Every structure is written in C-alpha cells, then in structure tokens.
Amino acid sequence: MALQSATHHQHFKWFKSFILNFESLLDNREEKRFWFWCCRCVPRRLESENVLKWIEFLVDNCELIAILSFLKEFLMKSRYTKLLEELEVLELCIALDHTLEKYSLVASRADSCREFTSTALVSSGSRVVNSGFEDIPSVSISMDEEGGMCCGTFCNTSREAVNLLVTAKTLNNEHFARLTKEGKDDIKEIMEILKAKLEQCEEWAAITAFLVIMGELYSSINSEERRGYLEPFARWMLRKGGLKEFENFTRKKQKANYKSPAFAAMMDFLQEIVHNIDMHLYAPT
C-alpha cells in the first residue's frame, strides 16, 4: 500500500531524523539481524544494500505508522533501549500532533459558528457526549498488547481524546476568552509555564488540561517548532504508560458524569492552570 497523500509531511522529517540515528548506531551484527527482520518485507535483491535502502523501500510501500510499529518490534528484541525510547517518543509526538490538529479544527469550526456550547455537548444519562461534530470520523488509535500503535493511517487520531478536550474546553469556555485572543503572541512563554508545571504533575488530568491549552494555540504554532513543544509531554506520557494509558484515561473520563468528583477535579485543575497563565502574562505591572 503506497503512502497516502494525507500523511503529514512534518512527521517524515521527524522520522528521517530518527532513522539517521538508528542507522548510525547499528553495528554489523545488528545490521544482519535487521536484514533478517526485514525478510519478506523487503525484496531479497536489496540484501546487498544498506539499512537506509531497506527503510527507503518500506517508506515507498508502507504507511509510516506501520513502519514505526515494525521498527518498534525489532528494537524490543534488541539491546538498543535508548533507540526504543526515542521511537516511542516519536510515536507519541505524532499522536499528539494529530490529536491537537483535530481538536484545533473542531474548536475553530465551533467558535466560528458560535454554536460551541449548544452543539458540542448534550447530556445522555450520566455521560457527556459529542453531538455537534458528526463530520469528524469515528476513529481511534489501535493498540497492540504492549501499548504500541498498530498499523493504520495518520487519520486514526483518538476520537475519545479529541472529545475529552472539547468537553473540557466547553465546560470552561469563559476561562479561555483572553488566552485564545491574546495568548498567540506569548506562545513561548505559555509553553515554558506548562513545561514547568508538567514537571510537578503526577496525574493524567494535568495532561488533559495542558493539551486543551495547547490546542487553543496550536494553529498559531509554527510546524517547525511543534516537535520541541510536544516532546516534554510525550516523555511524561511515556513514563506513565504511553498511549495505552492515555487511551484508558480518556475512555474513563468520557464515560464519567461531568459532575462527578473525578471530572470536576480535572476541570478545577484546568481552571487553575489558565488562571496561572493569565496572572503571569497579563497581571498589571
């Protein structure tokens, strides 16, 4: 299957950087093991070529997310634990980038129509459910047993994660008015505040709050700078169990009553972070 045109160009730049590091660290023994791993995926006529040629063939014939999964399985069976960690960080950065892009699209559409509050949420029993964005595909990041992303397309962003961010924004919409309007001129400062707060956090609720704030500003962040902003969050998530745990967290919150203590605590944290940013950036001098 050829790479789809929807594949994010920036992700390939991140991937190429990883591959150059991957290729430079493989010794002769590991290179032979990697060729064996590539058998039946790469034509035998390329056996005399180098690692980069094998990867190039995979890129020309497979989706990037499938290649990441393929490399991850190999590294899990090797001694290159640092490379495995860097690959998992790359996976998380790509997943976060897609989630925030999708959130930014949904939020901007809702704001432009001035229907955010009325269409984004309806109460269904004890749940808060999405009812205003039927055009967003019902997709999710598929997981293997170890918590890695399975083969799929880059459009398979976690619907649960996007919906949770939309819910959090909607329930706290008044707290974002100034941040959304004026924060685009202070992105670096805001990211530094979030990074400092992140180092103090132990709960997934904090990540949700941070991602809502990032999502509000994401369309204004230069694509060349996104990896640098995403990486601290990706490394935090990896320490806490990676994509699998984040998916579990978002599903639990989606099923929870938005008036429940757990959901309310997450909302309180979000309000606190927005207030801290507001005081830091806009307090009178």
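For the structure itself, consult the block above.
Residues numbered from 1 in each chain as written. Predicted model: local features only at pLDDT ≥ 70, side-chain atom pairs only at ≥ 80, totals over all residues. Heavy atoms only, no water.

Student: Quick one: what's the story with helix α11 (residues 226-239), residue by residue and with numbers?
Tutor: Compared with an ideal rise of 1.5 Å per residue, which puts 14 residues at 20 Å, α11 spans 20 Å between its outermost C-alpha atoms and is within 8% of the ideal. Of the positions making up α11, those classed as buried are Arg226, Arg227, Tyr229, Leu230, Phe233, Ala234, Trp236 and Met237. Directly after α11, the chain includes glycine 241, whose backbone phi takes a positive value near 115 degrees. (Helix = DSSP H or I, 4+ residues; strand = E, 2+ residues; numbered from the N terminus. Expected span 1.5 Å × (residues − 1). Buried < 20%, exposed > 50% of the residue type's maximum accessible area, 1.4 Å probe, protein only.)

Student: So what about the packing of aromatic side chains? Which residues, and what values?
Tutor: Per the counting criterion, the structure on display carries 13 aromatic pairs. Plain terms: the ring middles of tryptophan 204 and tryptophan 236 are 5.2 Å apart, the flat faces sit at 90 degrees to each other, and that makes the pair edge-to-face. With tryptophan 204 in helix α10 (residues 204-217) and tryptophan 236 in helix α11, the pair connects residues that are 32 residues apart, well separated along the chain. No difference in accessibility class separates tryptophan 204 from tryptophan 236, as the two residues are buried. When the ring of phenylalanine 210 is compared with that of phenylalanine 233, the centres are 5.9 Å apart and the planes differ by 70 degrees; the resulting orientation is edge-to-face. A residue pair is termed long-range when its members are at least 10 positions apart, and phenylalanine 210 in helix α10 and phenylalanine 233 in helix α11 qualify at 23 residues. The exposure class of phenylalanine 210 is buried, given its relative accessible area of 0%. Put simply, the rings of Phe18, Phe22, Phe34, Trp35, Trp37, Trp54, Phe70 and Phe74 touch in pairs and so form one group of aromatic residues. The ring of tryptophan 14 is capped by arginine 227, whose NZ or CZ atom sits 5.8 Å from the centre of that ring. (Phe/Tyr/Trp six-rings, centres within 6.5 Å; stacked < 30°, edge-to-face > 60°. Lys NZ or Arg CZ within 6 Å of the ring centre and 35° of its normal.)

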